Amino acid sequence: MTDTAVTTTGSAAAPTGTGSMGTRVIGLAALVGAVFLVLLGLVWSPEDITQRELVRIMYVHVPSATIAYLCCFLTTIGSVMFLWKRSVWWDTVAYAAAEIGAVFMALACVTGAIWARPTWGTFWVWDDARLVTSAMLFLLLVGYLALRKVPGDPDVRAKRSAWLGLLLVPNVILVRQSVEWWRTLHQKATIQPTQLGAEMDGLMLFSLFCGFVVGTLVFAWLVIHRFRVAWLEREADESMLADAIAERRAEAIDSGTGGDPFGPRTGEAFG
């Protein structure tokens, strides 16, 4: 439930913001968690035996990539539901998740490049399967957002975007499995489900876990707010269209065309 303005008669008017008690709690928890993560990642957790201080980038890089994948799953699910049910709610979820997913994917690529420079001797390698598929995923997200901005009928625009959104999850699978299917400079998964934490110091593993928690909180806060903004934008567009039609009809009545916004249809009008 968003904040609302109150009219002089005491009734609720249109929302004036996207915040709520729930988002404030999530935002505060994310802020406190971020401070705790900084202390864990930069001060309290030990350096790695092999990578030394570089390992600290992992506490941001790995959660960012994982949350980007989560956003892609949400966008694909929302796209499927829109194509199936023509659900505006799911379409808005897909849109919000794609925008936040692009942010997290960009963060994952940037932190990965920073990590790669001292490790591999270069920021980026175009023949590396993990890096190329990650770049493809980011471009798919950007392409989805670009389609949302193309002028035209909102339903047609949403349908075109939804078809592109279906490609996100298959690409996520490619990114995730690239280090297993092809030879790549990128290391394999840091955490294996069958040997959780077997190769990581306890405090390092806890720091990574905190990175996932803080990233999830930030993701939730951003997606909720972006969803509400997108919903209000849609309502505003529909309201503006209705007002424009009403004004056009009023002009038609004043000009004596009998309420037809397109004017008289007799041949004399054009003679």
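Note that the coordinates shown come from a computational prediction; the quantities given were computed from them, not determined experimentally.

Draft legend 1. Molecular detail of the overall build of the protein chain. A count of helical and extended segments in the protein chain gives 7 helices and 2 strands. The order of helices and strands in the protein chain, counted from the N terminus, is β-β-α-α-α-α-α-α-α. A separation of at least 24 residues holds for 65% of the contacts in the protein chain among residues at least 6 apart in sequence. In the structure as shown, the protein chain presents an accessible area of about 15700 Å², 68% of it carried by carbon and sulfur atoms.

Draft legend 2. Quick look at a nonpolar patch on the surface. Side chains of V35, F36, V38, L39, L42, V43, W44, L203, F206, F209 and V213 sit close together on the surface and give an oily, nonpolar patch of about 990 Å² of accessible area. Counting only elements with at least two residues in the nonpolar patch, the list comes to α1 (21-44) and α7 (202-254). At 7 residues, α1 tops the list of elements feeding residues into the nonpolar patch. Using a relative accessible area of 37% as the deciding quantity, one classes F206 as partly exposed.

Draft legend 3. Examining the side chain of S207 more closely. Among the secondary structure elements, S207 is positioned in helix α7. When its relative accessible area of 0% is taken as the criterion, S207 is described as buried. Among all residues touching S207, those that are not within four sequence positions of it are L37, L40, S45 and Y59.

Draft legend 4. Geometry of helix α6 (residues 168-181). Over its 14 residues, α6 extends 19 Å from the first C-alpha to the last, a length consistent with the 20 Å expected when each residue adds 1.5 Å. Remark: the principal bend of α6, roughly 30°, maps to V175. Residues of α6 that are buried include every one of L168, V169, N171, V172, V175, S178 and V179, and no others.

Draft legend 5. Region of interest: the nonpolar core. Of all hydrophobic cores here, the largest spans 27 residues; its most connected members are L137, L141, Y144 and F219. Taken together, the elements giving at least two residues each to this core come down to α2 (58-85), α3 (88-120), α4 (129-148), α6 and α7. It is α3 that provides the largest number of residues to this core, a total of 9 residues. Sequence-distant contacts of L141, defined by excluding residues within four places in its chain, comprise C72, A98, G101, A102, M105 and L168.

Draft legend 6. Seen up close, the packing of aromatic side chains. Tallied over the entire structure, the rule returns 6 aromatic pairs. Joined through ring pairs, the aromatic side chains of W89, W90, F227 and W231 make up one cluster. In this arrangement the basic side chain of R86 is found over the ring face of F82, its NZ or CZ atom lying 5.4 Å from the centre. In this structure, R226 is placed above the aromatic ring of Y95, and the distance from its NZ or CZ to the ring centre is 5.1 Å.

Draft legend 7. Just the state of the cysteines, in detail. With the rule as written, the count across this model stands at 0 disulfides. With no disulfide partner, C72 has as its closest neighbouring cysteine sulfur the one in C71, 6.9 Å distant.

Draft legend 8. Spatial organisation of the side chain of S45. When you line up the elements, S45 lands in the loop between α1 and α2. Not counting residues within four places of it along the chain, the set of residues in contact with S45 comprises L40, R56, Y59, L203 and S207.

Draft legend 9. Here's a closer look at the confidence of the model for the protein chain. Per-residue confidence for the protein chain gives a mean pLDDT of 80, with 75% of residues at or over 70. The weakest mean pLDDT in the protein chain belongs to strand β1 (residues 4-6) at 39; the strongest belongs to α2 at 95. In the model, residues 1-15 has pLDDT below 50 throughout and makes 26 contacts with residues more than four positions away in sequence or in other chains. In this model, residues 193-198 is a region of pLDDT below 50 whose contacts with residues beyond four sequence positions or in other chains number 2 contacts.

Draft legend 10. Expanded view of the environment of A96. Note on placement: A96 falls in helix α3. Between the C-alpha atom of A96 and that of L222, which follows or precedes it by 126 residues, the distance is 8.5 Å. Setting aside residues up to four positions removed in sequence, A96 forms contacts with V223, R226 and F227.

Conventions and cut-offs
Residues numbered from 1 in each chain as written. Predicted model: local features only at pLDDT ≥ 70, side-chain atom pairs only at ≥ 80, totals over all residues. Heavy atoms only, no water. Helix = DSSP H or I, 4+ residues; strand = E, 2+ residues; numbered from the N terminus. Contact = heavy atoms within 4.5 Å. Areas by Shrake-Rupley, 256 points an atom, 1.4 Å probe, with all protein chains shown as cover. Patch = residues over 30% accessible without salt bridge, like charges linked within 9 Å, V, L, I, M, F, W, Y side chains within 5 Å. Salt bridge = Lys/Arg side-chain N within 4 Å of Asp/Glu carboxyl O. Buried < 20%, exposed > 50% of the residue type's maximum accessible area, 1.4 Å probe, protein only. Expected span 1.5 Å × (residues − 1). Bend = angle between axes of the 7 residues up to and from the residue. Core = buried A, V, L, I, M, F, W, Y, C linked by side-chain atoms within 4.5 Å. Phe/Tyr/Trp six-rings, centres within 6.5 Å; stacked < 30°, edge-to-face > 60°. Lys NZ or Arg CZ within 6 Å of the ring centre and 35° of its normal. Disulfide = S-S within 2.5 Å. pLDDT = per-residue confidence, 0-100.

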